[in-house]
Amino acid sequence: MPAEEVEKLRNVAIVGQGGAGKTTVADALLFAAGAVTRLGRLDDGSSAFAVEPEEVRRKSSITSALHHASWKKHDLNLIDTPGYSAFLHDTRNCLRAATGAVLVLGSTGGEVKVETEKIWAWTDELALPRIAFVTRMDRERASIDHALEDLRAVGAKPAVLQVPIGSENGFRGVVDVLSGRAFLYQGDSGNVQEGAVPAELAETVAKAREQLVETIAEANDALLEKYLEGTELATEELVTGLRDGTLGRKFLPVLCGAAARAIGLHPLLDAIVELLASPAELAPWRGDNPKTGDEVERTADPHAPFSAYVFKTIVDPFAGKLSVLRVVSGRLHADLNCVNTVRDGRERIGHPLKLEGKKQAQVTAAVAGDIVAVAKLKDTASGDTLADEKAPIVFPPLPDAPAAISFALAPKSKADDEKVMQALHRLMEEDTALRVHRDEQTKEFVVSGTGQLHVEVAVERLKRKFGVEVELKAPKVPYKETIKGTAKAQGKHKKQTGGHGQYGDCWLELSPLPRGMGFEFEDDISGGVIPRNFIPAVEKGVREVLTEGIVAGYPIVDVKARLYFGSYHDVDSSEMSFKIAGRLAFKAAYDHCRPVLLEPITTITVIVPDDYMGDVIGDLNSRRGKVLGAEPRGNGQQVIRAHVPMSEVLRYAPDLRSMTSGRGDFELEFSHYEEVPGHIAEKIIKEAQAARAERHA
Ligand SMILES: Nc1nc2c(ncn2[C@@H]2O[C@H](COP(=O)(O)OP(=O)(O)OP(=O)(O)O)[C@@H](O)[C@H]2O)c(=O)[nH]1
Ligand SMILES: [Mg+2]
């Protein structure tokens with residue numbers, strides 16, 4: 001397959017914050033390119049990019065979706081991405097497959113939110129060329145200038161390529177200022193006519209052109225010199241300068257339109273083809289050779305050994321699993337044998353597929369740079385690398401999504417436990433930001449996600465896709481019990497019930513151990529006051545109490561029990577009697593050792609813009625937090641680290657969001673256990689006792 005084909009590929013991620021108009025742009029691009037005959041709409045469920053019923057119901061994307069189109073002999077893979085923060089990890093993953101991004105934003109201004117800032121930073125990290133599309137130019141008070149302010153706010157340097165024709169409801173097309181061509185649309189039909197600049201816009205267009213020429217010249221030393229000398233720059237020079245500047249991310253080309261009315265998409269298709277990169281024009285992918293550990297590179301060369309990166313997985317309960325991958329180098333064809341270099345297993349690729357929203361079309365091959373889906377790989381997950389066995393490489397895994405919120409999952413029916421776990425694991429294959437574990441102590445299934453909405457949508461999908469229904473509750477806090485003092489006590493178990501009696505007698509001394517030491521049992525019996533064979537029974541009795549807890553039913557930790565005295569009976573003593581005696585002695589001593597509750601303390605790392613630092617620290621203090629420090633991160637943000645009790649941050653995600661208008665981020669990590677202050681412990685103990693009474697009622 002000729003390298004030329006690689007040059008004609010564009011993987012376009014359509015990105016922007018929630019509700020910006022991305023899905024509408026994606027559908028309108030398909031329509032304008034003639035890939036579909038009708039303009040799909042999310043509102044009525046006809047969008048080609050609505051792959052989940054939840055998206056139609058919510059009128060918002062919750063997962064990325066792909067489709068493809070051809071434009072001027074180029075092949076376009078269009079990736080519509082979600083914009084709301086709870087699903088943004090998916091957007092980030094998709095950017096790995098993209099060769100360029102179209103940043104969609106509205107035209108009424110004041111709209112840029114933290115999501116756009118994040119996406120912008122990610123495209124920077126990946127050095128992805130991008131263009132902006134200001135949509136909804138048909139709205140009241142719409143103006144490209146509003147959008148420019150928003151773009152400057154995220155640090156972009158706009159290069160405006162177009163002047164709108166008409167405004168608000170009368171918006172009907174655009175003028176390309178460099179070429180002086182006008183694109184005039186007839187109603188909402190998507191039919192376009194090219195013509196000369198309307199006379200009344202001539203002056204505006206001339207001014208816009210001057211401005212654009214200056215922006216292009218400033219980004220290129222040779223052009224700038226000429227420009228400053230007053231030499232007129234030729235259109236070809238400007239076209240090249242525009243492309244170079246876009247690829248070099250020196251400025252951000254800005255186009256406009258109204259996707260819902262199919263206006264302005266043809267010039268956007270042109271810009272995608274002319275300004276965004278082909279896979280061959282981007283930096284090579286770096287990875288490691290898993291055999292030698294050496295760093296290796298792959299360019300989008302169709303003649304190089306095969307390698308591919310799985311950036312997305314789709315699990316269909318009926319059709320099975322689809323791994324969506326970008327071929328990084330070489331060529332993928334039907335029946336290709338390769339290895340998963342992350343899991344060290346062989347995989348066979350059946351028929352490559354092109355995703356078309358919910359549907360797929362079979363293709364015979366895919367060249368370096370292209371995106372295809374592969375069905376039924378044995379053991380391959382999102383973030384894995386597939387490669388030619390003879391030229392193995394492992395690309396870096398997908399970035400971790402923060403687990404910002406956790407819930408306990410309760411299956412609605414008892415028998416469902418197993419089924420819930422299975423379904424969750426399948427869902428996690430698709431959704432790399434979802435995490436599930438079973439808490440050893442509380443025995444709960446705890447599911448974590450990037451936000452409440454994320455977990456709620458996961459629960460909806462569990463029900464629809466796998467027929468399992470669960471309820472979400474706040475997870476239980478795994479408190480523990482311990483002691484602060486030392487005491488001795490006797491435990492004596494004696495029963496005379498006809499025939500064989502029961503007799504066990506032991507003395508224990510309890511003392512606290514340093515935090516995290518668990519439990520220690522010391523056998524300090526001398527003179528055979530308790531026979532050797534009964535001593536393990538005493539320990540067993542004690543260990544039972546440790547797991548049951550005494551004060552509030554939580555496990556007892558960091559205690560030492562010294563067995564130092566006792567007595568026995570030749571006939572009546574048994575293991576059972578000494579086990580009971582051990583329990584009694586432990587409980588009796590425990591009460592005199594100043595028992596306390598321990599709570600898990602987390603280390604929280606909060607990243608917020610400077611302005612919010614005071615509020616966030618104040619709030620952490622009110623949650624019984626101890627601030628460990630705050631450090632500026634250089635970009636107007638502060639990194640605050642604190643120790644906070646887990647019980648106080650179970651619902652931190654929505655709180656931080658509202659406190660910082662969504663600009664804060666945080667991470668939680670378990671740190672250690674600490675004593676619960678008295679008045680709070682009292683409340684927890686009361687609640688635990690009430691719950692225990694209820695269970696026994
Ligand atoms: N007037 C007008 N409305 C538009 C236009 N484009 C999109 N909309 C409306 O804006 C709303 C959001 O559009 P979407 O395309 O779903 O936005 P999105 O960016 O995909 O949203 P998320 O997937 O939720 O992030 C919908 O109600 C659209 O009908 C437009 O060009 N003009
Ligand atoms: Mg959308």
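Residues numbered from 1 in each chain as written. Chains lettered and ligands numbered in written order. Predicted model: local features only at pLDDT ≥ 70, side-chain atom pairs only at ≥ 80, totals over all residues. Heavy atoms only, no water.

Q: If you had to explain the overall build of the protein to someone new, which residues and values would you point to?
A: For the protein, the count of helices and strands is 17 helices and 36 strands. Along the first, second and third principal axes, the C-alpha set of the protein runs to 115 × 55 × 50 Å. The proportion of buried residues among the 697 residues of the protein is 53%. Here the analysis covers contacts within the protein between residues at least 6 apart in sequence; of these, 72% occur between residues at least 24 apart. Split by element, the accessible area of the protein, about 31100 Å² in all, is 49% carbon and sulfur. Between the averaged position of the 86 positive side-chain charges in the protein and that of its 101 negative side-chain charges there is a distance of 5 Å. (Helix = DSSP H or I, 4+ residues; strand = E, 2+ residues; numbered from the N terminus. Buried < 20%, exposed > 50% of the residue type's maximum accessible area, 1.4 Å probe, protein only. Contact = heavy atoms within 4.5 Å. Areas by Shrake-Rupley, 256 points an atom, 1.4 Å probe, with all protein chains shown as cover. Lys, Arg positive; Asp, Glu negative; His and termini not counted. Charge placed at Lys NZ, Arg CZ, Asp CG, Glu CD.)

Q: Lay out empty space enclosed by the protein with the relevant residues and their values.
A: Counted under the stated rule, the structure contains four cavities of 30 Å³ or more. Space inside the largest cavity adds up to approximately 60 Å³. Looking at the largest cavity, the residues that line it are Leu-66, His-67, His-68, Asn-77, Leu-353, Lys-354, Leu-355, Ile-371, Val-372 and Ala-373. Those elements that provide at least two residues to the lining of the largest cavity are β2 (65–71), β19 (352–356) and β22 (371–375). Counted by class, the lining of the largest cavity contains six nonpolar, three polar and one charged residues. (1 Å grid on protein atoms, 1.4 Å probe; cavity = no way out; pocket = protein on both sides within 12 Å on 5 of 7 lines; lining within 4 Å. Points joined across faces, edges and corners; volume = space filled by probe spheres on them. Nonpolar A, V, L, I, M, F, W, Y, C, P; charged D, E, K, R; others polar.)

Q: Which residues make up the pairing of strand β8 (residues 173–176), and what are the values?
A: The alternating pattern of β8 places Gly-173 and Val-175 on one face and Val-174 and Asp-176 on the opposite face, and all of these are buried. Where strand β7 (residues 162–165) meets β8, four bridges bridge the pair, whose relative direction is antiparallel. Residue Val-163 lies in a different strand from β8, and its bridge partner there is Val-175. Bridge analysis of β8 against strand β9 (residues 181–185) gives four bridges, and the strand direction is antiparallel. Within β9, the position partnered with Val-175 by the bridge is Ala-182. (Pairing = 2+ DSSP bridges.)

Q: Just give me the short version of the environment of Pro-284, but keep the residues and values in it.
A: Mapped onto the secondary structure, Pro-284 falls in the loop between α10 (265–275) and β12 (285–288). For Pro-284, a relative accessible area of 31% translates into the label partly exposed. Residues Pro-284 and Thr-235 lie 49 residues apart in sequence; the distance between their C-alpha atoms is 31 Å. Once residues within four sequence positions are removed from consideration, Pro-284 is found in contact with Glu-297, Arg-298 and Thr-299.

Q: I'd like a rundown of the side chain of Glu-347, residues and numbers included.
A: As for its placement among the helices and strands, Glu-347 is situated in strand β18 (residues 345–349). The side chain of Glu-347 sits in the buried core without any salt bridge; Lys-378 is the nearest counter-charge, 5.1 Å away. Of the polar contacts made by the side chain of Glu-347, one reaches the backbone nitrogen of Lys-378; its length is 2.7 Å. Each residue touching Glu-347, except ones within four places of it in the same chain, is listed here: Leu-336, Asn-337, Cys-338, Val-339, Asn-340, Leu-377, Lys-378, Asp-379, Thr-380 and Leu-386. (Salt bridge = Lys/Arg side-chain N within 4 Å of Asp/Glu carboxyl O. Polar contact = N/O pair within 3.5 Å; in protein donor to acceptor, adjacent residues only side chain to side chain.)

Q: For helix α11 (residues 417–430), give the residues involved together with the corresponding values.
A: For α11, spanning 14 residues, the distance from its first C-alpha to its last is 21 Å, which sits close to the expected 20 Å at 1.5 Å a residue. Considered for burial, the residues of α11 that qualify are Val-420, Met-421, Ala-423, Leu-424, Leu-427, Met-428 and Glu-430. Each element contacted by the buried residues of α11 is listed here: β14 (307–316), β24 (405–411), β25 (435–438), β26 (445–449), α12 (452–466) and β27 (470–473). (Expected span 1.5 Å × (residues − 1).)

Q: I'd like a description of unusual backbone geometry, backed by residues and values.
A: Residues other than glycine seldom take positive phi values, yet Arg-141 does so here, at roughly 60°. Residues other than glycine seldom take positive phi values, yet Glu-168 does so here, at roughly 45°. Its place among the elements puts Glu-168 in the loop between β7 and β8.

Q: An account of α10 is requested, with residue identities and associated values reported.
A: Burial within α10 is extensive, with ten of its eleven residues counted as buried. Buried within α10 we find Leu-265, His-266, Pro-267, Leu-268, Leu-269, Asp-270, Ala-271, Ile-272, Val-273 and Leu-275.

Q: Tell me about the sheet that holds β27, and please be specific about residues and values.
A: Here four strands make up an open sheet; going across it, the order is β25-β26-β24-β27 and the pairing antiparallel. Among the strands making up the open sheet, the edge pair consists of β25 and β27. Adjacent strand axes in the sheet meet at a mean angle of 35° when their direction is disregarded. Relative to β26, β25 runs antiparallel, the two sharing four bridges. (Axes fitted to C-alpha atoms, helices over the stretch in contact; angles between N-to-C directions.)

Q: Tell me about the coordination of the magnesium ion (ligand 2), residues and numbers included.
A: Taken together, Thr-23 (OG1) and Ser-61 (OG) make up the full set of protein donors to the magnesium ion (ligand 2), lying 2.0 Å away. Of this pair, Thr-23 sits in helix α2 (residues 22–32) while Ser-61 sits in the loop between α3 (53–58) and β2, and the two are 38 residues apart along the sequence. There is no split in this pair, since Thr-23 and Ser-61 are both buried. (Donors = N, O, S within 2.8 Å, 3.2 Å for Na, K, Ca; no water.)

Q: Residue-level account of the side chain of His-493, with values.
A: Its location among the elements puts His-493 in strand β29 (residues 487–495). For His-493, a relative accessible area of 11% gives the class buried. The contacts of His-493, once residues within four sequence positions are left out, are Gln-502, Tyr-503, Gly-504, Ser-577, Ile-580, Ala-581 and Leu-584.

Q: Could you give me a rundown of the pattern of salt bridges, with the residues and numbers involved?
A: Two side chains of opposite charge can pair, provided their charged atoms sit close to one another. If you walk through the whole model with that rule in mind, you get 48 salt bridges. With a closest N to O distance of 2.5 Å, Lys-226 and Glu-237 form a salt bridge. Here Glu-237 lies in helix α9 (residues 235–247) and Lys-226 lies in helix α8 (residues 221–229), a separation of eleven residues in the sequence. Given the relative accessible area of 31%, Lys-226 is considered partly exposed. On the accessibility criterion, Glu-237 (24% relative accessible area) is partly exposed. Three or more residues joined by partner-sharing salt bridges are found here, namely Glu-52, Glu-54, Glu-430, Arg-461, Arg-464 and Lys-465.

Q: Lay out the state of the cysteines in plain terms, naming residues and giving numbers.
A: Tallied over the full model, the rule gives zero disulfides. With no disulfide of its own, Cys-506 lies closest to Cys-593 among cysteine sulfurs, the gap being 14 Å. (Disulfide = S-S within 2.5 Å.)

Q: Provide a residue-level description of the nonpolar core, including the pertinent values.
A: The biggest cluster of nonpolar side chains holds 53 residues, and the ones touching the most others in it are Val-25, Leu-29, Val-102, Leu-268 and Ile-272. Among the elements that make up this core, the one with the highest residue count is α10 (seven residues). Ignoring anything within four residues of it in the chain, the contact list for Val-25 reads Ile-14, Val-104, Phe-133, Thr-135, Ala-259, Leu-265 and Leu-268. (Core = buried A, V, L, I, M, F, W, Y, C linked by side-chain atoms within 4.5 Å.)

Q: Let's hear about the site of ligand 1: which residues, and what values?
A: Near ligand 1 there are 20 residues, and of these Lys-22, Thr-23, Thr-24, Ser-60 and Ser-61 occur at the shortest range. Within the side chain of Thr-24, an N or O atom sits 2.4 Å from an oxygen atom of ligand 1. The separation between an oxygen atom of ligand 1 and a polar side-chain atom of Ser-60 is 2.5 Å. Protein burial of ligand 1: of its 650 Å² of free accessible surface, 83% is covered by the chains. (Near = heavy atom within 4 Å.)

Q: How would you explain the pairing of β29 if you had to name every residue and give the values?
A: The pairing of β29 with strand β30 (residues 502–512) spans nine bridges and is antiparallel. Across the sheet, residue Lys-492 finds its bridge partner in β30, namely Asp-505. In sequence, β29 turns back onto β30 through a hairpin of six residues, with Gly-498 there showing a positive phi of about 55°.

Q: An account of the environment of Gln-211 is needed here, citing residue identities and associated values.
A: On the secondary structure map, Gln-211 appears in helix α7 (residues 202–218). Assessed through its relative accessible area of 48%, Gln-211 is described here as partly exposed. Linking Gln-211 and Ile-131, residues 80 residues apart in sequence, is a C-alpha distance of 17 Å.

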